[in-house]
Amino acid sequence: MRRRVQGISIRTKLIVTMLIILGLTIFAFWFMNYAFLPTYYEHSKVSMLKESYNEVDSIVSSDKDFIRGDSALSEKSTLAVDILAANHSSSIYVFELTNFFGNIMYSFDYPDTNNISDRQSKIVEEKTREYVLGLEAGKGVGNRNDSKEKIMESKRFSVYKVMDDRIGSDYIELFGQLKSGQFVYMRTNYQSMTENLRIFNHFLGYIALGSVLISMILMILVGNSFAKPILQIADIANKMANLDFDVRYKVQTQDEIGMLGNSINALSEKLEDTISELKTANNELQKDIQNKIQIDEMRKEFLSNISHELKTPIALIQGYAEGLQDNISDDVESREFYCEVIIDEANKMNKMVKKLLTLNQIEFGKNQVQFDRFDIVQVLQSVIHSATILAEQKEAQIIMDEYEPLSVWADEYMVEEVITNYISNAINHVDGEKKIQVSLVKKENVVRISVFNTGAPIPEEDLEKVWIKFYKVDKARTRAYGGSGIGLSIVKAIMDAMQQEYGVINHEDGVEFWFELDCQTID
């Protein structure tokens, strides 16, 4: 018996594969976020400051009410810079420098002098000394403050990443000069991004864990929904392997599973039809084989029986003929006796050969059945009348009650042959009261004709064999009256040809042979 190897199910493979893909996706997202987001954020901040610089330069240059060294920006320009600073989360300062006999004088255009605090003014002053005066002195920016790193530089401005030692926080700063001559200083917090990144990474971890758990549940449900029809189809295939073709897959979708289900159903129907045809062909082949075997056995049996049946009369004819030839007896009576024996045995052989020819014609369909309507009662009376002399020789009496004319549909010649064989068989086996009873019993559209004779019943083991050619229940008795064992075989062949029922029934005081015909009452 072939062992069934249990492997990993498709459902498990699907769930594990999807979880691995999800895990790799989350890890890749986290790694990209951790490795490249700070650089990208820094680049974005620099781009934002650069954009803010250009917008401030455009606002100041387009302010028609602004006169350098005389007044601050107009309200409209101030509002535009306020919006820009708020949207970019940055601090913006626009101011002018005046060198008055070595003293640097500050004049703020934005914010307004009245709206700037001393601390903000001090920060701008420190940054001016650091960036402007430092550059004018020709010293590198890195020599001024180790906590400062230049990120980019252009003709009109520079961008720095600065560490505020006092509060321990990082900033991105832009310091430059506008086209109109004013200086601009911009500052945005960089430390908040680092904190946000840390928080975001923690949050991403929780999201990843929750996503894996939820995805696992969803994948189990989805995996089950995918695996269930596959398991059903696999179960159907196993039943098909065991030659059970009654099961069908209920197709509910038109996807690949549905197509597979339709294919399995079509395959099941095709296999069922094919196997049914093979079984039918096999049964027919078995029948042909059995028929051939039976025909061979019948041929052998027929040759054996016919040889046996012909051997005795041929031997008698030969013996008496040789006696006549040798003039064994000179008296006339002896010669006549010899001749009578020869004639009698020749007649027996002639009758047997005729019966065999009749049986052969019926069995092989050469004697076609001709259905006609005739009166069965009249046929019975005619056969009984012809057989009365033979019955009287056996001191037997044939009895039939009076019946109204009854029409039947059959082959009259064949039916007469059946009745003749039944009555002849009854006469040959009648005993005891030596009574032969012929009866008719009408049942709806069928009439049963039966011939009963008193005498010894047929042994139960021989009841079904009496229809076989040359079969004799009592061979000694059959030989005494010259029977050949063919008569009932002719009855069987005739009734099979007309497709009617026939049979034999044992009674306590005798045997009843019967057959049935389709009937119709004559008006």
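About the criteria used
- Residues numbered from 1 in each chain as written.
- Predicted model: local features only at pLDDT ≥ 70, side-chain atom pairs only at ≥ 80, totals over all residues.
- Heavy atoms only, no water.
- Salt bridge = Lys/Arg side-chain N within 4 Å of Asp/Glu carboxyl O.
- Helix = DSSP H or I, 4+ residues; strand = E, 2+ residues; numbered from the N terminus.
- Buried < 20%, exposed > 50% of the residue type's maximum accessible area, 1.4 Å probe, protein only.
- Core = buried A, V, L, I, M, F, W, Y, C linked by side-chain atoms within 4.5 Å.
- Contact = heavy atoms within 4.5 Å.
- Axes fitted to C-alpha atoms, helices over the stretch in contact; angles between N-to-C directions.
- Left-handed = near helix turned anticlockwise from the far one by under 90°.
- Nonpolar A, V, L, I, M, F, W, Y, C, P; charged D, E, K, R; others polar.
- Patch = residues over 30% accessible without salt bridge, like charges linked within 9 Å, V, L, I, M, F, W, Y side chains within 5 Å.
- Areas by Shrake-Rupley, 256 points an atom, 1.4 Å probe, with all protein chains shown as cover.
- Polar contact = N/O pair within 3.5 Å; in protein donor to acceptor, adjacent residues only side chain to side chain.
- pLDDT = per-residue confidence, 0-100.
- Expected span 1.5 Å × (residues − 1).
- Bend = angle between axes of the 7 residues up to and from the residue.

### Focus on the pattern of salt bridges
The final tally for this structure, using the stated rule, is 10 salt bridges. Between Arg-187 and Glu-173 there is a salt bridge; the shortest N-O distance is 3.5 Å. Taken together, the residues Arg-187 in strand β6 (residues 183–189) and Glu-173 in strand β5 (residues 169–177) connect sequence positions 14 residues apart. The buried category is assigned to Arg-187, whose relative accessible area is 15%. A single network of salt bridges, built from pairs that share partners, joins Lys-127, Glu-130, Lys-148, Glu-173 and Arg-187.

### Comments concerning the nonpolar core
Counting residues in each nonpolar core, the largest one holds 48 residues, and the members touching the most others are Ile-376, Tyr-422, Phe-515 and Leu-517. Excluding residues within four positions of it along the chain, Tyr-422 makes contact with Val-451, Trp-467, Leu-488, Val-491, Tyr-502, Gly-503, Phe-513, Trp-514 and Phe-515. Grouped together as the second largest cluster of nonpolar side chains are 22 residues, Leu-49, Val-56, Val-81 and Ile-92 included.

### A word on the packing of helix α8 (residues 376–393) against helix α9 (residues 412–429)
Two elements in contact, α8 and α9, have axes separated by 10 Å at closest approach and are oriented at 35°. Classified by chirality, the crossing of α9 by α8 is right-handed. For the pair α8 and α9, the contacting residues are Ile-376, Val-379, Leu-380, Val-383, Ile-384, Ala-387, Leu-390 and Ala-391 in the first and Glu-412, Val-415, Glu-416, Ile-419, Thr-420, Ile-423 and Ile-427 in the second. The residue inventory of the contact of α8 with α9, partitioned by class, reads 12 nonpolar, one polar and two charged.

### Structural notes on unusual backbone geometry
With an omega dihedral of -5°, the bond running from Tyr-110 to Pro-111 counts as a cis peptide bond. You can see Pro-111 is positioned in the loop between β2 (103–110) and α3 (118–136). If you check the backbone angles, Ser-89 has positive phi at about 50° while not being a glycine. With respect to the helices and strands, Ser-89 occurs in the loop between α2 (75–87) and β1 (90–100). With a relative accessible area of 54%, Ser-89 lands in the exposed category. In this model, Glu-444 sits at a positive phi of 55°, which is unusual for a non-glycine residue. For Glu-444, the location among the structural elements is in the loop between β10 (435–443) and β11 (446–454). Exposure remark for Glu-444: the relative accessible area of 70% places this residue in the exposed category.

### Re a nonpolar patch on the surface
There is a patch of nonpolar side chains on the surface, built from Phe-27, Trp-30, Phe-31, Met-32, Tyr-34 and Phe-36 and spanning about 670 Å² of accessible area. On the secondary structure map, Tyr-34 appears in helix α1 (residues 10–62).

### Topic: the side chain of Lys-127
By the element assignment, Lys-127 lies in helix α3. Within the local environment of Lys-127, its side chain forms a polar contact with the side chain of Glu-173, the two groups lying 3.2 Å apart. Excluding its chain neighbours within four sequence positions, the residues that come into contact with Lys-127 are Val-132, Val-162, Glu-173, Phe-175 and Tyr-185.

### Description of the confidence of the model for the chain
Low-confidence regions, as indicated by low pLDDT, have predicted coordinates that should not be scrutinised in detail. Mean pLDDT for the chain: 78, with 79% of residues reaching 70 or above. Mean pLDDT across the secondary structure elements of the chain bottoms out at helix α4 (residues 141–144), with 38, and peaks at β11, with 93. The low-confidence segment residues 475–483, where pLDDT is below 50, has 14 contacts with residues more than four positions distant or belonging to other chains.

### With respect to α8
The end-to-end C-alpha distance of α8, which contains 18 residues, comes to 26 Å, matching closely the 26 Å that a straight helix rising 1.5 Å per residue would cover. The sharpest bend along α8 measures roughly 40° and falls at Ala-387. Buried residues of α8: Ile-376, Val-377, Val-379, Leu-380, Val-383, Ile-384, Ala-387 and Ala-391, and no others. Sitting at the amino-terminal end of α8 is Asp-375, which places a side-chain oxygen 3.1 Å from the backbone nitrogen of Val-377.

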